[in-house]
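# Fold and contact review
Spelled out, the chains give:
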Amino acid sequence: MVARKTPNLELRKIDAQTVAAINRIQLLPEQYHNLGYIPYATAQAFPLGDCWQRAIWDVDTDKAVGIVQIDLNDDKPGEHCLWRFGIDRRYQGLGYGKAAMDVLMNAVRVDPELPGPRKGLLLSYEPGGKNCPAAFYLKYGFRYTGIVSPGGVDMYYAFKEEDHRSAPDTPPPTVDYSTRPHRVFDVPSEEAFAKVPNLPKSLQTKDLALSEFREGQLQHLHRPESLSGESYANARWINWALYRSEAGATIKVLIDKNQQSNAGESADIVTPTAVGFIVMEEAYEKLYMRYIWINPNLRKRGLARGTLALVPSEMKRDALYADSVVSADAIGSGDNEADWTETVDVTSVLTGLGFVSKDGAMVYSADN
């Protein structure tokens, strides 16, 4: 038998250069229960100063094969708590999990951006399911602590025996999850997005405003219970725009300006509900629209065209450009790797939004 080669891995920062690779990491559907959709997870962590995260990178193939996020745990300063650890479904069962954990443990020991006592690593997981990670962590050397936290069953790995918090044979605590609602991930897109908090169902174009993206609006634009193409695509585009903001990408959310003006008066509406968003990018000294999305429950009202009408004044530009041919993945047509090489001609869609063909490009301006 030929021995399997240990994967050659390193941890890389998630930034403008690596975010596209992060967007292509896939998990098994049932693993979203604990980890969430990866682009959503990294977008969620983008503004958090108490989260250390890295891409797990295969040096030999030059591909991202997973992510790791550590919560620096304000409740216990210096405690390193594993928030998310996930390996791409295409690399599971091939030794990548063990190799990635080895690299991670070394980072916990020496990375200057992970200050603290450097005694070990804490984690919590929810038991149950055919992909429950407990067996993997036990085999690696984690031990049950006997504690059930809000995140699930606690386990701890210590670098030295004297720093362990429990005996090697500590059994898992008894946890009754029978009363917990069963989570589903195949809710139709329209139904899932109908549950967005404070969705202004009577919204008209005259009520539209563009606003800066806020962390709390991420749940308005990606619904974890809907593994639909557009929910996937929304998470990828938001993630891409956030991490490429210094490279010229911009994300603007579409809101009801009445909510914006009432936000200070209502305890129920702290952050205006995002009913859509547009991603733009500076390229070749022009402003390009990369993606636009409207909540499916608010379509056929001219809101997309209404959004575009706001862009020139909001962005202080005379024109907005768009590519007439895009990848199928870019518009949410699929989440499989095969889709990423396919292209779709969106000329008719752009024309319907008010773009016109000019000098070989699709252009939108206030004069169109």
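Here, residues in each chain are numbered from 1, in the same order as that chain's written sequence. A pLDDT threshold of at least 70 governs which residues receive local features in this predicted model, and a stricter bar of 80 or more applies before side-chain atom pairs are shown or counted, although totals over entire chains, interfaces and linings include all residues. Only hydrogens and water are removed before side-chain values are computed, so all heavy atoms of the structure are retained for them.

Here we take up the overall build of the protein chain. In terms of regular secondary structure, the protein chain is built from 11 helices and 16 strands. A total of 368 residues make up the protein chain; the buried ones form 51% of that total. A contact between two residues is defined here by any heavy atoms of the two lying within 4.5 Å. Relative to all contacts within the protein chain whose residues are 6 or more apart in sequence, the contacts with residues 24 or more apart total 67%. Numbering of helices and strands starts at the N terminus; helices are DSSP runs of H or I of at least 4 residues and strands are runs of E of at least 2. The rule is simple: take the accessible area with a 1.4 Å probe, protein chains only, and divide by the maximum for that residue type; under 20% is buried, over 50% is exposed, in between is partly exposed.

Our next topic: the packing of helix α3 (residues 38-45) against helix α8 (residues 229-243). To characterise two packed helices, one gives the angle between the axes of the helices and the distance between these axes. Every axis corresponds to a line fitted to the C-alpha atoms, with the helix fit spanning only the stretch in contact, and the corresponding angles, defined between N-to-C directions, vary from 0 to 180 degrees. Closest axis-to-axis distance for the α3/α8 pair is 8 Å, and the angle between their directions is 35 degrees. Crossing geometry of α3 relative to α8 is assigned as left-handed. Facing Pro-39, Tyr-40, Thr-42, Ala-43 and Ala-45 of α3, the residues of α8 in contact are Ala-235, Arg-236, Ile-238, Asn-239, Leu-242 and Tyr-243. Here the residues of the contact of α3 with α8 sort into eight nonpolar, two polar and one charged. Should the near helix be turned anticlockwise from the far one by less than a right angle, the crossing is termed left-handed; should it be turned clockwise, right-handed. Any residue outside Ala, Val, Leu, Ile, Met, Phe, Trp, Tyr, Cys, Pro, Asp, Glu, Lys and Arg is labelled polar, Gly included; the first ten of those are nonpolar and the last four are charged.

This part is about the nonpolar core. One finds Ile-22, Phe-213, Leu-221, Ile-238, Ile-251, Phe-277 and Val-279 to be the most contacted residues of the largest nonpolar core, which totals 40 residues. A total of nine residues in this core trace back to one element, the largest contributor, which is α8. Dropping the residues within four chain positions of it, Leu-221 is found in contact with Phe-193, Phe-213, Asn-234, Ile-238, Val-253, Ala-274, Gly-276, Phe-277 and Trp-293. Only buried residues count toward a nonpolar core. Its members are Ala, Val, Leu, Ile, Met, Phe, Trp, Tyr and Cys residues joined through side-chain atoms within 4.5 Å.

It is worth spelling out the packing of aromatic side chains at this point. A pair of Phe, Tyr and Trp rings is counted when the ring centres sit within 6.5 Å of each other, with Trp represented by its six-membered ring. The angle between the planes then sorts it: under 30 degrees is stacked, over 60 is edge-to-face, the rest tilted. Counted under the stated rule, the structure contains 17 aromatic pairs. Here a set of aromatic residues connected by ring pairs shows up, and it is made of Phe-85, Phe-136, Tyr-137, Tyr-140, Phe-142, Tyr-157 and Phe-159. Counting as a charge over the ring demands two things of the Lys NZ or Arg CZ atom: a distance within 6 Å of the ring centre and an angle within 35 degrees of the ring normal. Here the basic side chain of Arg-84 rests over the ring of Trp-83, its NZ or CZ set 4.3 Å away from the ring centre. A cation over a ring is seen here: Arg-165 above Tyr-156, with NZ or CZ 3.9 Å from the ring centre.

In terms of burial, strand β10 (residues 276-283) is largely enclosed, as seven of its eight residues are buried. Note on pairing: DSSP must find at least two bridges between two strands before they are called paired. The pairing of strand β9 (residues 249-256) with β10 spans six bridges and is classified as antiparallel. Of the residues in β10, the one forming a bridge with Leu-254 is Gly-276.

Before going further, it helps to examine unusual backbone geometry. One non-glycine residue, Asp-62, adopts positive backbone phi at about 55 degrees. Taking relative accessible area as the criterion, Asp-62 reaches 48% and is therefore assigned partly exposed. The phi dihedral of Glu-285 is positive, around 65 degrees, even though this residue is not glycine. Positionally, Glu-285 belongs in the loop between β10 and β11 (286-294).

Before going further, it helps to spend a moment on the pattern of salt bridges. One speaks of a salt bridge when a side-chain nitrogen belonging to Lys or Arg is within 4 Å of a carboxyl oxygen belonging to Asp or Glu. Considering all chains together, one arrives at 17 salt bridges under this definition. Residues Lys-206 and Asp-207 are paired through a salt bridge, measuring 3.3 Å at the closest nitrogen-oxygen approach. One network of salt bridges, with partners in common, ties together Arg-244, Glu-281, Arg-290 and Asp-323.

The seven strands are arranged β1-β2-β3-β4-β5-β7-β6 in an open sheet whose pairing can be described as mixed. Looking at which strands have only one partner, the edges of the open sheet turn out to be β1 (9-12) and β6 (143-149). When strand polarity is set aside, the average angle formed by the axes of neighbouring strands in this sheet is 35 degrees. Direction of pairing for β6 relative to strand β7 (residues 152-158): antiparallel, over a ladder of four bridges. Its bridge partner lying in β7, Arg-143 is registered against Tyr-156. Most of the contacts of helix α4 (residues 96-110) go to strand β4 (residues 81-87), to which it runs at about 150 degrees, and overall it touches β1, β2 (51-58), β3 (63-71), β4, β5 (120-125) and β7.

The residue Pro-272 is located in the loop between α9 (257-262) and β10 in this model. Classification of Pro-272 by relative accessible area gives buried; the value is 2%. In the structure, Pro-272 is positioned 18 residues away from Leu-254 in sequence and 9.3 Å away in space, judged by C-alpha atoms.

All right, on to α3 then. Across the eight residues of α3, seven count as buried, placing the element largely inside the fold. Regarding α3, the residues found buried are Ile-38, Pro-39, Tyr-40, Ala-41, Thr-42, Ala-43 and Ala-45.

Once that is clear, we can look at the environment of Leu-114. Counting through the fold element by element, Leu-114 comes out in the loop between α4 and β5. When its relative accessible area of 0% is taken as the criterion, Leu-114 is described as buried. The spacing of Leu-114 and Glu-79 is 35 residues in sequence and 9.4 Å in space, taken between C-alpha atoms.

Attention now goes to the environment of Asn-23. Of note, Asn-23 is situated in the loop between α1 (19-22) and α2 (32-35). Using a relative accessible area of 8% as the deciding quantity, one classes Asn-23 as buried. Discounting residues that sit within four places of it in the chain, Asn-23 has contacts with Tyr-37, Pro-39, Arg-236, Asn-239 and Trp-240.

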